[in-house]
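# Summary of the model geometry
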Amino acid sequence: MRVRASLLPALVLGAGAMALAAPASAREGCAEAPTSTLVVNVKDKGAKGDGKTNDTAAIQAAIDEAGGTGGTVFVPNGTYMVDAVGKDRLALKSDMTLKMSKNATLKAIPNDSDKYSILSISGVANITVTGGTLEGDREEHKGKAGEWGLGIRIDRDASHITVSGLTAKKMWGDGFYVQGASDVKFCSVIADGNRRQGLSIISAEGLLVLNSTFKNTRGTRPSAGIDFEPNDADQRVTEVRIERSQFLDNAGPGILIAGKKGAVAKVELTRNVFKGNQPIVVKNAPEVLSTAICNNRQLTSQSAPSQGLNTFTEPINLVVHQNDCGEGQDLRFEVKKDTAKKKKSSKRSR
């Protein structure tokens, strides 16, 4: 499919251009109240939050107590060092909330593993994670191999998962990762400075991203804000809505949809803001319809014409508008690619 070269008229705005992405409601679509009054404070289980002590066991003890009750694990302000590798990593249980204070951080203890996750949400249901920060070991990682160090890993038929008001930054791989899950919501989350992706979606049915920010992703390809990329033919991504979110200064595309190995379908992208590299790249995904990609904005900069050697000029922010939903196709924000499969040679190797 060819990309339309013409541009609709752009608005010329100053620094206030970023206000286009201001959230209308910080928790819309993601309000999940605990079903029990039980609150377990991790410090009551021995967590220090001093940025030095390994607090993994204490936090897991709090999770074990609240899991299955509908109650809440509370993490007060502080930096809690946690083991993110292997069986020792934090694993949430069904029917619980993990609530972190605004200035609470779970920080991965530096390691040399090619894969890790600070929080594992695997094979469980009815979980809310809200507030605080997850910080990876990107700047202190002891190895060079791999690209799978994750903030939150959601997999193995996990369902009814809500992540709200959380920042995931400086991961060796992705801020957030979803594989084999259903009814997953990300609201008002931030992925910042991660090495591979802000959010990877390998397989999912029913996924919402609302009022969130994915920025400064760079280090190893594809370095996208969000990457839809099934690993094999048995995996499928469907029923996705990404709305009112920002994709800023990522080395790769703001949103990459790659359906070469598995199907991606029924994806709606609307009222988002893009700045930096290509906004949206769609590869081998014929079930992703251009009519469902609409009403987005792209921020670009343009220097004003010089008025002479003694005249100081500042760059002007330009906001390029995509067609409103219902006005028909507007492919300026998309790069559509169909990768032809190479024919296998009939000659057998000798």
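Residues numbered from 1 in each chain as written. Predicted model: local features only at pLDDT ≥ 70, side-chain atom pairs only at ≥ 80, totals over all residues. Heavy atoms only, no water.

## Some points on the side chain of Thr105
Positionally, Thr105 belongs in strand E8 (residues 104-108). Judged by relative accessible area, Thr105 falls into the buried class, the value being 13%. (Helix = DSSP H or I, 4+ residues; strand = E, 2+ residues; numbered from the N terminus. Buried < 20%, exposed > 50% of the residue type's maximum accessible area, 1.4 Å probe, protein only.)

## Some thoughts on the pattern of salt bridges
The final tally for this structure, using the stated rule, is 14 salt bridges. For Arg241, the salt bridge goes to Glu243, with nearest N and O atoms at 2.2 Å. The class for Glu243 is buried, based on a relative accessible area of 4%. Through salt bridges with shared partners, a single ionic network connects Arg241, Glu243, Arg244 and Arg271. (Salt bridge = Lys/Arg side-chain N within 4 Å of Asp/Glu carboxyl O.)

## Digging into the packing of aromatic side chains
Scanning the entire structure with this criterion turns up three aromatic pairs. Their ring planes at 15° and their centres at 5.4 Å tell us that Phe214 and Phe247 sit as a pair that is stacked. Remark: Phe247 occurs in strand E20 (residues 246-250) and Phe214 occurs in strand E17 (residues 213-215); sequence separation between them is 33 residues. The buried category is assigned to Phe214, whose relative accessible area is 0%. Aromatic pair Phe247 and Phe274: ring centres 5.0 Å apart, planes at 15°, arrangement stacked. Of this pair, Phe247 sits in strand E20 while Phe274 sits in strand E23 (residues 273-276), and the two are 27 residues apart along the sequence. Across this residue pair, the class does not change: Phe247 and Phe274 are buried. Clustering of aromatic rings is evident, with ring pairs tying together Phe214, Phe247 and Phe274. Just above the ring of Trp172 sits the side chain of Arg195; from NZ or CZ to the centre is 3.9 Å. (Phe/Tyr/Trp six-rings, centres within 6.5 Å; stacked < 30°, edge-to-face > 60°. Lys NZ or Arg CZ within 6 Å of the ring centre and 35° of its normal.)

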